[in-house]
Amino acid sequence: MNTASFERPEGGLTSSAHRRALIVVAAGSGTRLGHALPKAAVPLSRRSILEHALDAVTEPLGFGVVVIVVPSDASGFERLPDLRGELAARIGADVRLTAGGASRAASVAEGVHQVEEHARSQGWDPERTAVLIHDAARALTPSDVYRRVTHAVEAGAAAAVPGLPVADTIKQIRPSDGQGEESVEATPPRARLRAVQTPQGFSLEVLQRIRKDLADLDDRQAEQITDEGMAAEHLGHRVVVVPGDERGLKITTPTDLVTARGLLGETGASGPHVPSVVPRIGVAHDIHAFASPDEPCSLMLGGLEWPRERGLAGHSDGDAAAHAACAALFSAAGMGDLGTHFGADTIGTARADMEGASGVRLLEQAADLVRGSGYAIGNISIQLVANRPKFAPRREESEAALTRAAQAPVSVAATTSDGLGFTGRGEGIMATATALIYAAS
Ligand code: CTP
Ligand code: MG
């Protein structure tokens, strides 16, 4: 990190090291993450997401005030007063804690209010004060991104946002009218698209104008404006784009948390590193009860539909064999379990989009996630324990369906439990799977 080059540009804001402010919004609940704690308090390699986010806030960045916006109910944030004190001592700034609002915009407004108070008390000129707004959810954003954004604002930009080129082709769609399907309206040229991150920077004066303007909008219009950079654009300001950083991903879903852990491992910042010997194996069970006779459904098992067989209960299609295979893959990769990635009905995090989801599709996704973490899949072996259906006649068909989904060899064996236990009484089906993975070359 080259801190020496972080000088004030000639003709930009003055050289006082205390006319820079940072707002970190951390008041969201993290609905999509589905954790019991608010998102910023969720542990990531033994420290909270918020603590990681504050790591990048270093003394050379020159912030005179940092406002951390947290949920009004502080449960999960017991260490906050210590964090505040540590950060204040580390960077020599006024560090304030304040409670956020019901929306991100309302939380930002609380932060701006605190910055204004500090600026007034210090006699800062709003036109010559740079304010950066950062999502705590982008916990691994490096200091360099803050530096680039601050530079752009201090060089005279009304607003500056970090952006990354996009890998996907992005379509603008014409929404469904409720009857038909949505359709493509336009395909903007990819070379001119950027995925925008935070921190986003503004002069305090521009930010005050943005906030006033937002207050004049009705709720529906205001909802469409998803960040301050967009609001500045709507006001006709030129919004400068500086390079973002891959590490600035927004932790939104459980899968993002796994990615963030991987990034921390790569940079060696996750504390003691336990060397891992590859290949690695994983094991998992999945058990489903037969659906009640009042709610008949068809049986999905081993990637096949079994007409005339009694179906299994479950939020998804109940395919215990496919589910055990997914969980064994996650276990092998140290990526959590089915609930981590697909939600779990038993702990109340079942995802609506998983309702009726096919086991084969889940296995495809699980295999992709594991490959995305840098592993190749050796094989998966599944053992079914069930009285019914009679599996042997369709074993090869099932193995082919699951092998196609995992893009790796899957074998399935089946047995009964000699009349013992819940499987013996015909109450449900159990599947056990082991998976073997190895580091992709
Ligand atoms: N945020 C906030 N106050 C809110 C909502 C969001 O301070 N009322 C913050 C979040 O803490 C996060 C950032 O805004 O750092 C981006 O929001 P998002 O990633 O959507 O987080 P959540 O709203 O917590 O997550 P979800 O939408 O899944 O509930
Ligand atoms: Mg949100």
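All of these numbers come straight from a predicted model, not from anything done at the bench.

### Some words on the site of ligand 1
- Close to ligand 1 lie 18 residues; Gly30, Thr31, Arg32, Lys39 and Ser107 are nearest.
- With respect to ligand 1, the side chain of Lys39 contributes an N or O atom lying 2.8 Å from an oxygen atom.
- A distance of 2.7 Å separates a nitrogen atom of ligand 1 from a polar side-chain atom of Ser107.
- The fraction of the free accessible surface of ligand 1 (560 Å²) that becomes covered by protein chains is 88%.
- The site holding ligand 1 turns out to be the largest pocket.

### Comments concerning the layout of surface pockets
- Counted as a void, the largest pocket has a volume near 1,000 Å³.
- If you go around the largest pocket, you meet 37 residues; those closest to its centre are Ser103, Arg104, Asp135, Thr226 and Lys250.
- Elements with a contribution of two residues or more to the lining of the largest pocket: helix H3 (104-122), helix H5 (204-216) and helix H6 (219-224).
- Here the element with the most residues in the lining of the largest pocket is H3; it accounts for four residues.
- Of the residues belonging to the lining of the largest pocket, the class tally is 14 nonpolar, twelve polar and eleven charged.

### Description of the sheet that holds strand E13 (residues 280-289)
- On the basis of which strands lie adjacent, the open sheet formed by four strands has the order E13-E18-E16-E17 and mixed pairing. Strands with a single pairing partner mark the edges of an open sheet, and in this sheet they are E13 and strand E17 (410-415). Strand-to-strand twist of the sheet, defined as the mean angle between neighbouring strand axes without regard to direction, takes the value 15°.
- Across ten bridges, E13 lies against strand E18 (residues 428-439) in antiparallel orientation. Counterpart to Gly282 in the pairing with E18 is Ala435.

### Overview of the packing of helix H11 (residues 359-372) against helix H12 (residues 395-406)
- The geometry of H11 relative to H12 is characterised by a closest axis approach of 7 Å and an angle of 40° between their N-to-C directions. One way to sum up the angle between H11 and H12 is to call them oblique. Crossing hand, H11 versus H12: right-handed. Residues Val360, Leu363, Glu364, Ala367 and Arg371 of H11 pack against Leu402, Ala405 and Ala406 of H12.
- When the residues that make up the contact of H11 with H12 are grouped by side-chain class, the tally is six nonpolar, no polar and two charged.

### Focus: the confidence of the model for the chain
- Looking at the chain as a whole, the pLDDT averages 88, with 90% of positions reaching at least 70.
- In this model, residues 7-18 is a region of pLDDT below 50 whose contacts with residues beyond four sequence positions or in other chains number 27 contacts.
- Note on residues 266-275: pLDDT under 50 across the span, and seven contacts to partners over four residues away in sequence or across chains.

### Description of the packing of aromatic side chains
- In this structure the tally under the stated criterion is three aromatic pairs.
- Judged by centre distance (6.4 Å) and plane angle (70°), the ring pair of Phe63 and Tyr146 falls under edge-to-face. Placement of Phe63 in the loop between helix H1 (49-55) and strand E4 (65-70) and of Tyr146 in helix H4 (residues 143-154) is noted, with a sequence separation of 83 residues between them.
- In this structure Phe63 comes out as buried when scored by relative accessible area, which is 3%.
- Look at Tyr146 and you get buried, because its relative accessible area is 0%.
- Over the face of the ring belonging to Trp306 we find Arg394, whose NZ or CZ atom lies 4.7 Å from the ring centre.

Rules used throughout
The numbers attached to residues start from 1 for each chain and follow its sequence in the written order. Ligands are numbered from 1 and chains lettered from A, in the order in which they are written. Predicted model: local features are reported for residues with pLDDT of at least 70 only, side-chain atom pairs are reported and counted for 80 or more only, and whole-chain, interface and lining totals are derived from all residues. Each side-chain value is worked out from all heavy atoms of the structure, with water and hydrogens disregarded. The rule for a residue being near a molecule or strand is that one of its heavy atoms must lie within 4 Å of it. Counting of polar contacts relies on pairs of N or O atoms within 3.5 Å, with two restrictions inside protein: one atom must be capable of donating a hydrogen and the other of accepting it, and residues adjacent in sequence are counted only when both atoms are side-chain atoms. Surface accessibility in these figures is a Shrake-Rupley result with a 1.4 Å probe; residues are shielded only by whichever protein chains are displayed. Cavities and pockets are defined on a 1 Å grid built over the protein atoms alone: a cavity is a set of grid points where a 1.4 Å probe fits but cannot escape, while a pocket is an open set with protein on both sides within 12 Å along at least five of seven lines, and lining residues are those with an atom within 4 Å of any such point. Throughout, a molecule is located in a cavity or pocket provided that more than half of its atoms lie within 2 Å of its grid points. Grid points are joined across faces, edges and corners, and a volume is the space filled by probe spheres set on the points. Helix and strand assignments come from DSSP, with helices taken as H or I runs of at least 4 residues and strands as E runs of at least 2, each series counted from the N terminus. Think of it as three bins: nonpolar holds Ala, Val, Leu, Ile, Met, Phe, Trp, Tyr, Cys and Pro, charged holds Asp, Glu, Lys and Arg, and polar takes everything else, Gly as well. If DSSP finds at least two bridges between two strands, the strands pair. Geometry is summarised by axes, namely lines fitted to C-alpha atoms with helices restricted to the contacting stretch, and by angles between N-to-C directions that run from 0 to 180 degrees. Note that the term roughly parallel is reserved for angles under 35 degrees, roughly antiparallel for angles over 145, roughly perpendicular for angles of 65 to 115, and oblique for everything else. Crossing handedness follows the turn of the near helix against the far one: under a right angle anticlockwise gives a left-handed crossing, and clockwise gives a right-handed one. Note on definitions: a residue-residue contact is assigned when non-hydrogen atoms from the two residues lie within 4.5 Å. Within a predicted model, pLDDT stands for the predictor's per-residue confidence, ranging from 0 to 100. Here a pair means two rings of Phe, Tyr or Trp (six-membered ring of Trp) with centres within 6.5 Å. Their orientation is stacked below 30 degrees between planes, edge-to-face above 60, and tilted elsewhere. When a residue's accessible area, from a 1.4 Å probe over protein chains only, is under 20% of the maximum for its type it is buried; when over 50% it is exposed; and in between it is partly exposed. For a ring to carry a charge above it, either NZ of a lysine or CZ of an arginine must fall within 6 Å of the ring centroid while also lying within 35 degrees of the normal to the ring plane.

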